[in-house]
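Architecture at a glance
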Amino acid sequence: MTQSETALRDHIVLIGKSLYDRGYGVGSSGNLSVRVDDGILITPTNTSLGRLDAGRIAKVAPDGSHVSGDKPSKEGFLHLAVYARRPEMRAVVHLHSTYSVALSTLAAADPENMLPPITAYFVMRVGTLPLVPYYPPGDRGLADAVGAAMAGAHAVLLANHGSVVAGKSLDEAHYAAEELEETAKLWFLLRGETTRFLDIGQVAELRARFQS
Ligand SMILES: [Zn+2]
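Now for a quick tour of the structure. In this convention, every chain numbers its residues from 1, walking through the sequence in written order. Per-residue local features are limited, in this predicted model, to residues with pLDDT of at least 70; the limit for side-chain atom pairs, both in listing and counting, is 80 or more; totals at the level of whole chains, interfaces and linings are taken over all residues. In computing side-chain values, all of the structure's heavy atoms are included and hydrogens and water are not.

Moving on, we get to the overall build of the chain. Labels follow the DSSP assignment, with helices taken as runs of H or I lasting at least four residues and strands as runs of E lasting at least two, numbered in each case from the N terminus. Of regular secondary structure, the chain possesses seven helices and eight strands. By its C-alpha atoms, the chain is 55 × 35 × 30 Å across when sized along the principal axes. In this scheme, a residue with accessible area under 20% of its type's maximum is buried, one over 50% is exposed, and one in between is partly exposed, where area comes from a 1.4 Å probe on protein chains only. Looking at the chain as a whole, 48% of its 212 residues qualify as buried. Residues are treated as being in contact if the distance between any of their heavy atoms lies within 4.5 Å. Counted over contacts in the chain with a minimum sequence separation of 6, partners at least 24 positions apart contribute 64%. Accessible surface for the chain amounts to roughly 10300 Å². Of this, 53% is attributable to carbon and sulfur atoms. Computing the positive centroid from 20 side-chain charges and the negative centroid from 23, the chain places the two 1 Å apart. Using the Shrake-Rupley algorithm and a 1.4 Å probe, accessible areas are obtained, with residue cover drawn only from the displayed protein chains. All tallies of charge rest on Lys and Arg as positive and Asp and Glu as negative; His and the ends of each chain are not included. Charge coordinates come from a single atom per side chain, which is NZ of Lys, CZ of Arg, CG of Asp or CD of Glu.

Written out as structure tokens, the structure reads:
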């Protein structure tokens, strides 16, 4: 195991516990992965994000075969679909966090972009948020749909399920996943209120300044 892989494993444990302790990953829900030279490291199946063991985190080859560690999350194929589609992405965070799941069930929302530009940080860290249609857990059609949606976005909602967020580092991915969850919460707090969102010019300026 390389020094950098050891550090990545420790970072997954740290971020997993942080997400769990703050209620972003209840029970054994949610999974985190990072890209390494020979595949991905991903949190094991049926394991709480609050009690990860660095040495038991699974390694999975790009073709989906299990290389080492505990049995990988059964949602690992979602992560692999993102890495295959977006070579520059180094980490994926998938959560069943409460407000993101609630948002993913709204029948009247725009499936091309599920949230308006409520704050600058949502625009900067999350941007466009498409909805991937519902598939049963473990359905390989979900991986294809996520890969397709991720071609033009780095965050998506899975209908009646949760969020998938990719980043160029684990920190970038989990910051964006948290920004998404908090913005979804704001959206529910503001429902029924006459709300002033950022306008088209303000969003364009943020994209020009902050999106690479
Ligand atoms: Zn899930």
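Moving on to the coordination of the zinc ion. Donor selection uses N, O and S atoms within 2.8 Å of the metal (3.2 Å for Na, K and Ca). Since no water is included, sites may look incomplete. Protein coordination at the zinc ion comes from Glu75 (OE), Glu75 (OE), His94 (NE2), His96 (NE2) and His161 (NE2), with a distance range of 2.0 to 2.6 Å. Sequence spacing among the residues donating to the zinc ion works out to E-x18-H-x1-H-x64-H. Here glutamate 75 is found in the loop between strand S4 (66-68) and helix H2 (76-85), whereas its partner histidine 96 is found in the loop between strand S5 (91-95) and helix H3 (98-103), with 21 residues between them in sequence. Here glutamate 75 falls in the buried class, since its relative accessible area comes to 13%. Exposure remark for histidine 96: the relative accessible area of 29% places this residue in the partly exposed category.

As a further point, take the nonpolar core. Grouped together as the largest cluster of nonpolar side chains are 31 residues, with contacts concentrated most on Ile12, Leu103, Leu129 and Leu180. Looking at this core, the elements with two or more residues in it are helix H1 (3-21), strand S1 (31-36), S5, strand S7 (155-158) and helix H6 (170-190). Looking at which element gives the most residues to this core, the answer is H6, with six residues. Setting aside its immediate chain neighbours within four residues, leucine 129 contacts Leu103, Glu112, Asn113, Met114, Leu115, Phe122, Ala155, Val156, Leu157 and Leu180. Nonpolar cores were defined as sets of buried Ala, Val, Leu, Ile, Met, Phe, Trp, Tyr and Cys residues, with membership established by side-chain atoms within 4.5 Å. Counting residues in each nonpolar core, the second largest holds 23 residues, with Phe77, Leu78, Val132 and Ala143 among its members.

On to unusual backbone geometry, then. At asparagine 46, a position not held by glycine, the phi torsion is positive, near 55°. You can see asparagine 46 is positioned in the loop between strand S2 (39-42) and strand S3 (58-60). Not every positive phi belongs to a glycine, and asparagine 160 is a case in point at roughly 55°.

Aromatic pairing here means that ring centres of Phe, Tyr or Trp (its six-membered ring) are within 6.5 Å. Orientation follows from the plane angle: under 30 degrees is stacked, over 60 is edge-to-face, and everything else is tilted. Summed over all chains, the structure comprises two aromatic pairs. Aromatic pair tyrosine 99 and phenylalanine 188: ring centres 6.2 Å apart, planes at 45°, arrangement tilted. A residue pair is termed long-range when its members are at least 10 positions apart, and tyrosine 99 in helix H3 and phenylalanine 188 in helix H6 qualify at 89 residues. A relative accessible area of 30% means that tyrosine 99 is categorised as partly exposed. Residue phenylalanine 188 is classed as partly exposed on the basis of its relative accessible area, which comes to 23%.

Counting buried positions along S5 yields five of five residues, so the element is predominantly enclosed. The alternating pattern of S5 places Ala91, Val93 and Leu95 and Val92 and His94 on opposite faces, both of which are buried. In this analysis, strands are considered paired if DSSP registers two or more bridges between them. As judged from the five bridges shared by S5 and strand S8 (residues 162-167), these two strands associate in the antiparallel manner. Bridge pairing links leucine 95 to serine 163 in S8.

We define a salt bridge as a side-chain nitrogen of Lys or Arg found within 4 Å of a carboxyl oxygen belonging to Asp or Glu. For the coordinates displayed, the defined rule picks out nine salt bridges. The closest approach of N and O atoms between aspartate 70 and arginine 56, which form a salt bridge, is 2.9 Å. In this pair, aspartate 70 is assigned in the loop between S4 and H2 and arginine 56 in the loop between S2 and S3, connecting sequence segments 14 residues apart. In this structure, a network of salt bridges that share partners links the residues Glu5, Arg9, Asp38 and Lys59.

So, to be careful, I would describe these as geometric facts and stop short of saying anything about function.
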